[in-house]
Amino acid sequence: MQTGPAIRLEAMVDILKAAAEPSRLRILALLSRTDLTVSDLTEILGQSQPRVSRHLKLLLDAGLIARHQEGSWALFRLSEEAAAREFVDGVVARIDPMDPASDRDFERLEAIRQRRQERAAEYFDKNAASWDQIRSLHVPDAAVEAGLKELVGEGRIQSMVDLGTGTGRLLELFAPLYRRGVGIDRSREMLAVARANLERAGVTNAQVRLGDVYAPPVERDMHDLVTIHLVLHYLDDPAAAIREAARLLRPGGRLLIVDFAPHSHEFLREEHAHLRLGFADRQMLDWFAEADLEISNIRGFTPKGEAADGLTVKVWLARDRRILVAGGDAETQAHEEIA
């Protein structure tokens, strides 16, 4: 019984020809674990760069893998097309991981991952002091993350996009829910951090890409959940970023934004490049309306005790209007909380 998307006969022949070669099968197995460059694959397979490039071209032509440019790097990953991905997943799952060739490949892959994580840790350490200073001003991340999980719920998500993914934390947080996740960031250094964190956490259903939140390199009208976590305050045009995020949503999809309520901590502008000192609910609602989104919920996390004069983290959850009807069950509590 057919359980997935059908593949036309000619396309299936091309796919089988491309996959039916030991080195190309090894490449598919490796790319099922993480994104890799030609240099990475050359090191793992112990083959010349022209030979590896030839294998990659055949896999690309068959639609089994995809190529993504990240600055001067070209990263290869498994195809996101449903039928091709289901085929590759089925084939790779049947390869014995203890086969001598596979075992050796995965050992070399682990060495490459370790180097990635060391480089990411070095970058993170250089910036940890400034991030820790900002964290000290608001409630612990764990409290906010628990609130995010409660708001999003436990329903299955086909596709998630995290704009300005940073360390990849939201991709990690929601990994049990989504089938496919994509993180976008314009910093190659932060992408290295995110990739290392996701690998360390064992997240295999997410990938990260170099890109701009104003022009995200992902499909429009295709995603169930789009997140923008502590990014808007760095942007000169938050409204444009929200409009772009809304265009990514499938009908009824949700946009989750996390940022700060209005505050007067000028040092964040002067020392940490914050262009906006927080956002009022009314401003966010206006931007949502311009993007044809319906607000679902607003929640605030205000620090107490010695940090009472710190930063209030706000969460705004909105939904694409295209499946909402007049008198629907959109939550009204959010409107009651607006000053």
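Residues numbered from 1 in each chain as written. Predicted model: local features only at pLDDT ≥ 70, side-chain atom pairs only at ≥ 80, totals over all residues. Heavy atoms only, no water.

Chemist: Please clarify how the overall build of the protein chain should be interpreted in this entry.
Modeler: When helices and strands are tallied, the protein chain shows 13 helices and 9 strands. Considering only contacts within the protein chain whose residues lie at least 6 apart along the sequence, 69% involve residues at least 24 apart. Summing over all exposed atoms, the protein chain offers an accessible surface of approximately 16600 Å²; the carbon and sulfur share of this is 50%. (Helix = DSSP H or I, 4+ residues; strand = E, 2+ residues; numbered from the N terminus. Contact = heavy atoms within 4.5 Å. Areas by Shrake-Rupley, 256 points an atom, 1.4 Å probe, with all protein chains shown as cover.)

Chemist: Could you clarify how one ought to interpret the packing of aromatic side chains in this entry?
Modeler: The way to describe two aromatic rings as a pair is by their centre distance and the angle between their planes. Following the criterion strictly, the structure yields 1 aromatic pair and no others. Pairing Phe 279 with Trp 287 gives two aromatic rings, centres 5.8 Å apart and planes at 65°, and the pair type is edge-to-face. Take Trp 287: its relative accessible area is 8%, and that puts it in the buried class. Directly above the ring of Phe 106 sits Arg 33, whose terminal nitrogen or CZ lies 3.8 Å from the centroid. (Phe/Tyr/Trp six-rings, centres within 6.5 Å; stacked < 30°, edge-to-face > 60°. Buried < 20%, exposed > 50% of the residue type's maximum accessible area, 1.4 Å probe, protein only. Lys NZ or Arg CZ within 6 Å of the ring centre and 35° of its normal.)

Chemist: For this particular structure, what's the right way to read the sheet that holds strand E9 (residues 313–320)?
Modeler: Strand-to-strand pairing in sheets goes through backbone hydrogen bonds, with the strands running parallel or antiparallel. Taken in spatial order, the 7 strands line up as E5-E4-E3-E6-E7-E9-E8 in an open sheet, and their pairing is mixed. Bordering the open sheet on either side are strand E5 (206–210) and strand E8 (293–301), each of which pairs with just one other strand. Neighbouring strand axes in the sheet, compared pairwise and without regard to direction, differ in orientation by 15° on average. In the packing of helix H7 (residues 141–152) onto the sheet, the strands contacted are strand E3 (157–163), strand E6 (223–229), strand E7 (249–260), E8 and E9, and the crossing angle to E8 comes to about 150°. Contacting E3, E6, E7, E8 and E9, helix H10 (residues 238–248) crosses the sheet at an angle of about 145° to E7. (Pairing = 2+ DSSP bridges. Axes fitted to C-alpha atoms, helices over the stretch in contact; angles between N-to-C directions.)

Chemist: Looking at this structure, I do not really get the side chain of Arg 209. What am I missing?
Modeler: In this structure, Arg 209 sits in strand E5. Of note is the side chain of Arg 209, whose polar atom sits 2.6 Å from the backbone oxygen of Pro 217. (Polar contact = N/O pair within 3.5 Å; in protein donor to acceptor, adjacent residues only side chain to side chain.)

Chemist: What is the right way to look at the packing of helix H3 (residues 38–45) against helix H4 (residues 49–61) in this model?
Modeler: Relative placement of two packed helices is described by the angle separating their axes and the distance separating the axes. Running from amino to carboxyl end, H3 crosses H4 at an angle of 110°, the nearest separation of the two axes being 9 Å. If you check the angle between H3 and H4, you find them roughly perpendicular. Of the two possible hands of crossing, H3 and H4 adopt the one that is right-handed. Packed against H3, whose contacting residues are Val 38, Leu 41, Thr 42 and Leu 45, the element H4 presents Gln 49, Val 52, Ser 53 and Leu 56 at the interface. Residue classes in the contact of H3 with H4 are distributed as 5 nonpolar, 3 polar and no charged. (Parallel < 35°, antiparallel > 145°, perpendicular 65-115°, else oblique. Left-handed = near helix turned anticlockwise from the far one by under 90°. Nonpolar A, V, L, I, M, F, W, Y, C, P; charged D, E, K, R; others polar.)

Chemist: Where do I start with the environment of Ala 66 in this structure?
Modeler: Mapping Ala 66 onto the fold places it in strand E1 (residues 65–70). Each C-alpha atom, one on Ala 66 and one on Leu 56, is 9.2 Å from the other, the two residues being 10 residues apart in sequence. The residues touching Ala 66, leaving out its near neighbours within four places in the chain, are Leu 60, Leu 75, Phe 76, Arg 77, Leu 78 and Ser 79.

Chemist: Teacher, can you tell me more about the pattern of salt bridges here?
Modeler: When charged atoms on two side chains of opposite charge get close, those side chains can pair. Within the structure shown, the criterion is met by 19 salt bridges. One salt bridge connects Arg 115 with Glu 43, and the closest N-O pair in it is separated by 2.9 Å. Here Arg 115, found in helix H6 (residues 100–135), pairs with Glu 43, found in helix H3; they are 72 residues apart in sequence, far enough to count as distant. The class of Arg 115 is partly exposed, set by a relative accessible area of 33%. The class for Glu 43 is partly exposed, based on a relative accessible area of 39%. (Salt bridge = Lys/Arg side-chain N within 4 Å of Asp/Glu carboxyl O.)

Chemist: Got a minute to help me understand unusual backbone geometry in this structure?
Modeler: Trans is the common state for peptide bonds, and a negative phi is the common state for residues other than glycine. In this structure, Asp 221 takes a positive phi of about 55° despite not being glycine. One can find Asp 221 in the loop between E5 and E6. Taking the relative accessible area as the measure of exposure, Asp 221 reaches 38% and is therefore partly exposed. Of note in this structure, Asp 292 is not a glycine but carries a positive phi near 65°. Relative to the helices and strands, Asp 292 resides in the loop between helix H12 (281–290) and E8.

Chemist: Please clarify how the side chain of Asp 320 should be interpreted in this entry.
Modeler: Examined against the element boundaries, Asp 320 turns out to sit in strand E9. Within polar-contact distance, the side chain of Asp 320 engages the backbone nitrogen of Arg 322 at 2.8 Å.

Chemist: I'm lost on H3 in this one. Help?
Modeler: The periodicity of an α-helix, 3.6 residues per turn, causes residues three or four positions apart to be oriented the same way. Of all 8 residues in H3, 6 are buried; the element is thus mostly enclosed. Here H3 has its buried residues at Val 38, Asp 40, Leu 41, Thr 42, Ile 44 and Leu 45. Of the residues trailing H3, Gly 46 is marked for its positive phi of about 70°.

Chemist: Even after reading the chapter, I still don't get the environment of Val 52, so can you show me in this structure?
Modeler: Relative to the assigned elements, Val 52 resides in helix H4. A residue is classified by how much of its surface remains accessible, and Val 52, at 0% relative accessible area, is buried. With 13 residues separating them in the primary sequence, Val 52 and Ser 39 have C-alpha atoms 9.0 Å apart.

Chemist: I tried to follow the nonpolar core on my own but got confused; where do I start?
Modeler: Generally speaking, a soluble globular protein has its nonpolar side chains buried in company with each other. Of all hydrophobic cores here, the largest spans 32 residues; its most connected members are Leu 148, Met 160, Phe 174, Tyr 178 and Leu 256. Mapped onto this core, the elements with two or more residues apiece are H7, E3, helix H8 (169–173), helix H9 (188–200), E5, E7 and E9. For this core, the element with the highest residue contribution is H7, accounting for 4 residues. If we skip the residues at most four places from it in the chain, Tyr 178 touches Arg 156, Ile 157, Met 160, Leu 171, Val 203, Asn 205 and Ala 206. Residues Val 161, Val 182, Leu 285 and Leu 293 belong to the second largest nonpolar core, which totals 31 residues. (Core = buried A, V, L, I, M, F, W, Y, C linked by side-chain atoms within 4.5 Å.)

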